[in-house]
Structure formats: C-alpha cells, structure tokens
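Chain by chain, the residues run as shown.
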Amino acid sequence: MDKPVGDIDMEREVNVTSLALLASFLRLGASSFGGGMAGWTHREIVERRGWLTDDEFLKTLTVAQIMPGANPVNLAVYVGLKLRGVAGACIALFGMVLPAFAVILAMSVTYQQLKSHPEAQAVLRGLACVGIASSLTMGIKTARRLKGHAVPVLMAVSVFLMVGVMRWSLVAVVVGAIPVSVAATFWIEREKSRG
Amino acid sequence: MGDDKLLNLILLCIPLSLVSIGGGQTIVASLQHQTVDVLHLLSGPQFTDLYAISRAAPGPGTLIVALIGWEVSGLWGAVLSTLAIFIPSSILLCILGSYWQRHRHSAWAIAAEKGLAPVAVGLIFAGVFAVGQSARFTPLELATSLGAIAVLLTTKAGPYPLLAVVGVGYFLLSFAGMA
C-alpha cells in the first residue's frame, strides 16, 4: 500500500466488502470511549486494513473536522463514502453510531430504574459537574487558538451573548455569524499577507 | 400527544445537525432552551440529568438527543432523533466534502477553517452557560466543577477518571446523608 498516489487516486480500486467495512466501523464505534478517535480510525483504516494511504486519510480528516457534525462520525461517513460510495457512507454511519447508541440507551434505562433513589440523584449531580467542567475546558482550549486577536474574540463574545444570554435562535445566529466571521478572517489574512 | 412531541424534537434536530460545527457541544444551548423552555419536552432538572448521562457515556456528545428522544417517546423516539441529528450533516458532508477537498488550499477555504473557530467557541460557552444556569448548583457542586476544571486544564487527565472519582464520592456523601 506504499505505492505513490496522486491527488485523484482516491478512487483507485481497493477491494472493500460491505461486511468488512461494517466490521471495521462497529469495532471503531465500540472503542469510542473517550477521545482520540482520529488515531483509532487511522490505525484501523490505514495501518490494519490498508484501505487508505496516510495522505488520503489526512485529507479526509481535514474535511471531517471542518464540516458540521461530530468529528468521529463525520470521519467515518467520509471514509465510507470514499471506499464504497453512498452505501459505504451509510454502513460506516450505522457501524460507528450503533455501539454508542446501545450503551447510552442502556444507561438511560438504568437511569429510569434508579432515579427515585437519592444516591442515584447525587451521583448524577456529580457527573453533571464534571460534564460541565469538561465542556468549559474544551471551550477554553478552543478559545486559546484565537490567540487574543480582537476580531475573532469579539466574534466569539457576540455569539455567546446572542445565543447564551439573549437566547436568540442558535440556528439563525450561526447562519448569520459564519459569513461575517469567514469574511473578516479572509480580509485579515489578506492584509497580513500584504504585510 | 407523544407523537407531536417527537415531531417537534425531530424538527429541532434537523437544522441543529447542519450548524453543529465542531460537534455536539456547540448545540447544547439550543437543545436546553428549546426542549425545556419552548417545547416543554423536559423539566430543567431532567435536562441536567440527561446532560450528565450523555457526558459520561461513550461516543459523540450529540447522542444526548437519543436520551431526549427516549424520554419523549421510547425506543422510536431515540432512533428517530438520532437519525435526525446525524443524517442531515452526513448528507451535507457527502455533497460538499469532495468540493472542499479540491479547494482546500484556496484563500477562502483557509479563511473558512479559521473563521469557524470563534463561532464554535461562542457556542460552547453558551452551552455551558445554559446548562450551568438551569442546573442551579449548590456551593459543593460549584466547588466540584471548579476543581474539575482545574484538574482538566492543568493535568493530562481525561474526564473519565474524574467522572469515576466524583461519581463514587457523591455516592458516598449521599449514603452518609451529607449531599
């Protein structure tokens, strides 16, 4: 699989059966505890199966991260699409989501059974604290990438105020904010490159 | 009654799927506000419970919609709301993915990659704000959250060991009648 590949070579013939694709993504879906899914997917798709080259995988990853949707699921869908078309995308989506879906439903049933117990309520309150903390940490880590530049920081603060505090429609705010933010970034980058 | 609620939930999920840049944490603010305050599918404490479960569960945080669907109308609710949150974004990805890949070195594509980050940051903080506000933390819970933030920011520990420690700790406190 170390043959040199060109840009267009994504559609090269790789013999990927539906069953093998399903098996791979069920395996990946079942190991989606925690993070690092890009690493797991690389190991399975590039190293173990040899279905994509490193270069192809990297391009796929970039697209998965930029498009809306959960990154690991996007990565699965796009790899599936590349390998077996729309059917492959469906198989990959199904395989990736099913294990986590089954686990979360089992947790939901357990919650229904236990929610009248005060201990269960206390544990859930504790988990909510850590859940919020991990979301906030994710926000702080992503915010660091803005590096304190005025325009992106102002953008982030405005979106927070509109959606979080004023409770405007999230969809409307995002649809309005993305073109403004992208155009501003485009302009800043152009000014920068002109020096 | 149940069917109306499920339909409302699905109609909420489809547009959110298309704007969930960076994944589930960016749409939490809207899920909380809409399911609790607007559509009255859940009570505030119920949403906080489901949020806690979804953050402790494996897989994408987006699966909180499966929990909401389950609460609203059982297994079908869970299945349909999960499809409603994953399929629209997947279709968009399949349509635009190869276009994006071909033009990824253009100035506009680079600006788009950088320009999405501030929007995502604002949305993540909005989600934290929405859940934090509706959770009405006690001083002990606030201290737990702040401690967890400190650990997550300063060490390489992931959330799972913390979830285990805090879960066991709160169980014991409750058992001892202290929380």
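The structure under discussion appears in the preceding block.
Conventions adopted
- Residues numbered from 1 in each chain as written.
- Chains lettered and ligands numbered in written order.
- Predicted model: local features only at pLDDT ≥ 70, side-chain atom pairs only at ≥ 80, totals over all residues.
- Helix = DSSP H or I, 4+ residues; strand = E, 2+ residues; numbered from the N terminus.
- Buried ≥ 20, exposed ≤ 12 C-beta atoms within 10 Å, placed from the backbone.
- Contact = placed C-beta atoms within 7 Å.
- Axes fitted to C-alpha atoms, helices over the stretch in contact; angles between N-to-C directions.
- Left-handed = near helix turned anticlockwise from the far one by under 90°.
- Nonpolar A, V, L, I, M, F, W, Y, C, P; charged D, E, K, R; others polar.
- Core = buried A, V, L, I, M, F, W, Y, C linked by C-beta atoms within 7 Å.

Asks: Please explain the overall build of chain B as it appears in this structure.
Replies: Of regular secondary structure, chain B possesses seven helices and zero strands. Tracing chain B from N to C terminus, the helices and strands come up as α-α-α-α-α-α-α. Dimensions of chain B, computed from C-alpha atoms along their principal axes, come out at roughly 60 × 50 × 25 Å. A buried classification covers 55% of the 179 residues belonging to chain B. Considering only contacts in chain B between residues 6 or more positions apart, those separated by 24 or more positions represent 61%.

Asks: Even after reading the chapter, I still don't get the packing of helix H2 (residues 37-48) of chain A against helix H3 (residues 54-66) of chain A, so can you show me in this structure?
Replies: Describing two packed helices takes the angle between their axes plus the distance from one axis to the other. Residues and elements named next belong to chain A. Between H2 and H3, the least distance of the axes is 11 Å, while the angle of their chain directions is 145 degrees. At the point where H2 passes H3, the crossing takes the right-handed sense. Every residue of H3 that contacts H2 at Ala38, His42, Ile45 and Val46 is listed here: Asp54, Phe57 and Leu61. Of the residues contributing to the contact of H2 with H3, the split by class is five nonpolar, one polar and one charged.

Asks: Any chance you could explain the interface of chain A and chain B here in plain terms?
Replies: The parts lose accessible area when they come together, and the size of an interface is often stated as this lost area. Opposite the 78 residues of chain A that make contact, chain B presents 91 residues. Of all the elements in the fold, those that place two or more residues in the side of chain A that touches chain B are H3, helix H4 (71-114), helix H5 (118-144), helix H6 (150-165) and helix H7 (170-194) of chain A. Sort the elements by how many residues they give to the side of chain A that touches chain B and H5 of chain A lands first, with 23 residues. Taken together, the residues that form the side of chain A that touches chain B break down as 53 nonpolar, 19 polar and six charged.

Asks: Hey, could you run me through the nonpolar core in this one?
Replies: General note: in soluble globular proteins, nonpolar side chains tend to be found buried as a group. All names here are of chain A. Counting 111 residues, the largest nonpolar core has Ala76, Ala92 and Val159 as its most contacted members. The greatest single-element share of this core, amounting to 18 residues, is contributed by H4. Those residues within four positions of Ala76 in sequence are excluded, and the remaining contacts are Phe25, Leu28, Ala92, Leu93 and Met96.

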